[in-house]
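Residue-level structural notes
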Amino acid sequence: MNRTFAFLAGAASVAAACLIGGQEMKAQNNMMMMQNNAMSVTHKVAIAAHRGYWNCEEAGYARNSVAALRCAQEAGFAWSEFDVNMTADGVLLVVHDGELEGKRIDASPYSEFQEITLENGEKIPLLGDYLMQAKECPSTGLILELKEHSTPEIEDKAVKATVAELREHGMADPKKVMFISFSINICRQFARLMPGFTVQYLGDGYSPARLKSMGITGIDADFTSLADTPGTIDEARRLGMSVNCWTVNKTEDIRKMAGMKINCITTDFPMEARKILGSREIKAAAK
Ligand code: MG
């Protein structure tokens with residue numbers, strides 16, 4: 001589908017959804033505040049749609065597509081996660097794998113990848129295209145995962161290019177975007193360049209205290225390791241760090257993680273997570 005057409009077609013419905021969602025959320029928040037006055041406050045959890053809300057017909061089941069972001073916005077999820085890789089000629093692509101069709105992205109020019117299509121017919125989105133859609137409904141925040149690249153030097157360049165792109169689109173705002181990465185170097189670079197932003201490390205090789213000493217403000221952990229070591233959550237909370245977890249897809253696991261004092265659950269099944277959380281969900285307008 002033509003990119004401009006797809007973007008325009010989605011823009012109006014997202015704007016309407018955000019407006020209506022905002023009014024509904026205000027009423028819901030008032031209701032919840034009244035309920036909370038009458039009973040003990042229940043811990044609330046945000047949902048992050050993993051690679052966007054791709055798991056639906058409207059998004060064409062295409063992970064990391066612009067349509068998947070638009071569906072996450074329309075549904076009013078607090079966060080929409082996505083992945084970024086940089087080509088050898090410095091083009092930032094919204095795509096998960098570091099290698100496509102046998103070619104490393106960071107060792108190949110964009111021209112090698114520009115004809116590849118996703119399941120829903122979209123081309124692999126450029127970060128700029130993705131941010132154009134993000135701007136339509138900034139109450140659904142972006143969880144931007146910058147993937148590990150081949151060398152620290154390439155990673156540093158990718159971090160700088162990402163920050164420049166966010167600034168260009170007016171999205172360099174800690175309420176609109178947070179950063180995650182499996183690369184400790186990338187996390188440190190984002191923390192250095194973007195003070196005041198949430199930066200979460202995805203791996204498990206560092207304690208919360210060690211991460212904090214590096215300027216990293218949160219953890220985004222494999223939920224199975226968090227469930228096994230609840231002390232990690234307590235330590236992070238004591239240090240004032242945020243705690244997210246991935247990728248929680250089974251009903252019993254979503255229920256279990258919601259019962260732990262975490263900020264956000266990343267899932268491929270955000271609508272199912274919403275049903276499980278009920279009034280404990282922090283929605284986009286209330287984020
Ligand atoms: Mg990711």
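Rules used in this analysis
Residues numbered from 1 in each chain as written. Predicted model: local features only at pLDDT ≥ 70, side-chain atom pairs only at ≥ 80, totals over all residues. Heavy atoms only, no water. Donors = N, O, S within 2.8 Å, 3.2 Å for Na, K, Ca; no water. Helix = DSSP H or I, 4+ residues; strand = E, 2+ residues; numbered from the N terminus. Buried < 20%, exposed > 50% of the residue type's maximum accessible area, 1.4 Å probe, protein only. Axes fitted to C-alpha atoms, helices over the stretch in contact; angles between N-to-C directions. Parallel < 35°, antiparallel > 145°, perpendicular 65-115°, else oblique. Left-handed = near helix turned anticlockwise from the far one by under 90°. Contact = heavy atoms within 4.5 Å. Nonpolar A, V, L, I, M, F, W, Y, C, P; charged D, E, K, R; others polar. Pairing = 2+ DSSP bridges.

1. Things to note about the coordination of the magnesium ion
Geometry reference: four tetrahedral donors at a metal, ideal angle 109.5 degrees. Six octahedral donors, ideal angles 90 or 180 degrees. Within the protein, the magnesium ion binds to Glu-81 (OE), Asp-83 (OD) and Glu-145 (OE); these donor distances fall in the range 2.0 to 2.2 Å. Each donor residue of the magnesium ion belongs to the same chain, with the gaps between them written as E-x1-D-x61-E. Residue Glu-81 is located in strand 2 (residues 79–86), and its partner Glu-145 is located in strand 6 (residues 141–146); the two are separated by 64 residues in the primary sequence. Here the two residues Glu-81 and Glu-145 agree in accessibility, since each one is buried.

2. Describing the packing of helix 2 (residues 66–75) against helix 3 (residues 127–135)
Running from N to C, helix 2 and helix 3 cross one another at 15 degrees; their axes reach a closest spacing of 10 Å. As the angle between them shows, helix 2 and helix 3 are arranged roughly parallel. Here helix 2 and helix 3 pass one another in a crossing that is right-handed. Contact residues: Val-66, Leu-69, Arg-70 and Gln-73 in helix 2; Tyr-130, Gln-133 and Ala-134 in helix 3. Its residues placed into classes, the contact of helix 2 with helix 3 shows four nonpolar, two polar and one charged.

3. Considering the packing of helix 4 (residues 152–168) against helix 5 (residues 184–193)
Running from amino to carboxyl end, helix 4 crosses helix 5 at an angle of 40 degrees, the nearest separation of the two axes being 10 Å. Classed by the angle they form, the pair helix 4 and helix 5 counts as oblique. Both helix 4 and helix 5 take part in a crossing whose hand is right-handed. Residue-level inspection shows Pro-152, Glu-155, Asp-156, Val-159, Lys-160, Thr-162, Val-163 and Arg-167 of helix 4 in contact with helix 5, the latter providing Asn-185, Ile-186, Gln-189, Phe-190 and Leu-193. Residue composition of the contact of helix 4 with helix 5, by class: six nonpolar, three polar and four charged.

4. Things to note about the pairing of strand 6
Two faces belong to every sheet, and in a regular strand the side chains alternate between them. Burial of strand 6 is extensive: six of the six residues sit out of reach of the surface. A two-sided burial pattern is seen for strand 6, the buried positions comprising Gly-141, Ile-143 and Glu-145 on one face and Leu-142, Leu-144 and Leu-146 on the other. Sheet topology places strand 2 next to strand 6; six bridges connect them, and they run parallel. Paired with Glu-81 across the bridge in strand 6 is Ile-143.

Geometric values such as these leave the question of function open.
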